[in-house]
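Spelled out, the chains give:
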Amino acid sequence: VSLSGAPLAADDPQFQGTIFVIRNITDRKRAERRIRYLARYDALTKIPNRMQFQHMLQQAIARARRTERGIVMLYLDMDRFKEVNDAHGHETGDAALRMVATTLARAARSLDFVGRWGGEEFVVLLANVTDFNLPLVADRARRLVEHSELPLADGFLKVTVSIGATLVRKGEEIADILKRADGLMYEAKSAGRNRVVVRL
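Residues numbered from 1 in each chain as written. Predicted model: local features only at pLDDT ≥ 70, side-chain atom pairs only at ≥ 80, totals over all residues. Heavy atoms only, no water.

## Some details on helix α4 (residues 90-107)
- The end-to-end C-alpha distance of α4, which contains 18 residues, comes to 26 Å, matching closely the 26 Å that a straight helix rising 1.5 Å per residue would cover.
- Of all the residues in α4, the buried ones are Thr 92, Gly 93, Ala 95, Ala 96, Leu 97, Met 99, Val 100, Ala 101, Thr 103 and Leu 104. (Helix = DSSP H or I, 4+ residues; strand = E, 2+ residues; numbered from the N terminus. Expected span 1.5 Å × (residues − 1). Buried < 20%, exposed > 50% of the residue type's maximum accessible area, 1.4 Å probe, protein only.)

## What about unusual backbone geometry?
- Its identity is not glycine, yet Arg 80 carries a phi of approximately 50°, on the positive side.
- Relative to the elements of secondary structure, Arg 80 occurs in the loop between β3 (71-78) and α3 (81-88).
- Arg 80 sits in the partly exposed class, given a relative accessible area of 43%.
- Of note in this structure, Asn 194 is not a glycine but carries a positive phi near 55°.
- Summarising the element assignment, Asn 194 is placed in the loop between α6 (174-190) and β9 (196-199).

## So, a nonpolar patch on the surface
- On the surface, Val 1, Leu 3, Phe 20 and Ile 22 cluster together into a nonpolar patch covering about 500 Å² of accessible area.
- With respect to the element layout, Val 1 can be found in the segment before β1 (2-8). (Patch = residues over 30% accessible without salt bridge, like charges linked within 9 Å, V, L, I, M, F, W, Y side chains within 5 Å. Areas by Shrake-Rupley, 256 points an atom, 1.4 Å probe, with all protein chains shown as cover. Salt bridge = Lys/Arg side-chain N within 4 Å of Asp/Glu carboxyl O.)

## A look at the pattern of salt bridges
- Enumeration over the complete set of coordinates arrives at 13 salt bridges.
- A salt bridge links Asp 86 to Lys 82; the nearest nitrogen and oxygen atoms lie 2.8 Å apart. Of the two residues, Asp 86 and Lys 82 both sit in helix α3, four residues apart, roughly one turn of that helix. Neither Asp 86 nor Lys 82 differs from the other in exposure class; each is exposed.
- In this structure, the salt-bridge partner of Glu 146 is Arg 142, at a minimum N-O distance of 3.0 Å. Of this pair, Glu 146 and Arg 142 both sit in helix α5 (residues 134-146), four residues apart, roughly one helical turn.
- Judged by its relative accessible area of 23%, Glu 146 is partly exposed.
- The network of salt bridges with common partners includes Asp 139, Arg 142, Arg 143 and Glu 146.

## Some remarks on the packing of aromatic side chains
- The final tally for this structure, using the stated rule, is two aromatic pairs.
- Three or more aromatic residues joined by ring pairs form one cluster here, namely Phe 53, Phe 113 and Trp 117. (Phe/Tyr/Trp six-rings, centres within 6.5 Å; stacked < 30°, edge-to-face > 60°.)

## Observations concerning the pairing of strand β8 (residues 161-167)
- Of all seven residues making up β8, seven are buried, and the element is well covered by its neighbours.
- Side-chain alternation along β8 places Val 161, Ile 163, Ala 165 and Leu 167 on one buried face and Ser 162, Gly 164 and Thr 166 on a second face that is also buried.
- Bridge analysis of β3 against β8 gives seven bridges, and the strand direction is antiparallel. In the sheet register, Met 78 faces β8, and the bridge partner there is Val 161.
- One ladder, built from four bridges, connects β8 with β9; its direction is parallel. (Pairing = 2+ DSSP bridges.)

## Comments concerning the side chain of Ser 148
- Mapped onto the elements of the fold, Ser 148 is located in the loop between α5 and β6 (150-152).
- Residues in contact with Ser 148, not counting those within four places in the same chain, are Met 99, Thr 103, Leu 157 and Lys 158. (Contact = heavy atoms within 4.5 Å.)

## Things to note about the environment of Asp 11
- One can find Asp 11 in the loop between β1 and β2 (17-23).
- Under the relative-accessibility criterion, Asp 11 is labelled exposed at 84%.
- Sequence spacing of Asp 11 and Glu 146 is 135 residues, and the spatial spacing of their C-alpha atoms is 81 Å.

## A short note on α5
- Over its 13 residues, α5 extends 19 Å from the first C-alpha to the last, a length consistent with the 18 Å expected when each residue adds 1.5 Å.
- Listing the buried residues of α5 in full gives Leu 134, Ala 138, Ala 141, Arg 142 and Val 145. Taken around the axis of α5, the buried residues stretch over an arc of 95°, which confines them to a single face.
- Of the surrounding secondary structure, the elements contacted by the buried residues of α5 are β3, α4, β8 and β9. (Arc of directions from axis to C-beta.)

The structure is reproduced here in structure tokens:
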């Protein structure tokens, strides 16, 4: 509720007081929460959107400077997504996007962060990952998507992703991290898709 009050003036001091107005603002508060949610989360996949991911990446970089712990960024792009839309329709394409988002989010640890960058592109921040286990961690994400299945009327749809994986370096800008990871993802595409390219 919203409560507002105003003094009530009267000639007789015994009758002076305050007028209170109480309003039910439940609907307004629900709308405000909905707007805040839509500003940070992707409406289709229900995972954080680009703006929220950039915010989380900035926080992760600051944390890494303080703790000296490694942070990894994965940049994923669904392979041949246009062919999925053309062959099965956009509704199935949307379901495939949700499947990939769910697969990545369920596999994430509490310290990790999964977001939708846009279109058929996803981004993942992984905490406490070293240059030694980065290839294994990135390939695990690829394999999880590869082995996921979307049930269709006539069978199952399987999709794959190409991944660019890199360590976040101290002091570098967000734009530089994204550019490097995006470039590595395109190298994975050029090498045949459904693979990971890692650069520290």
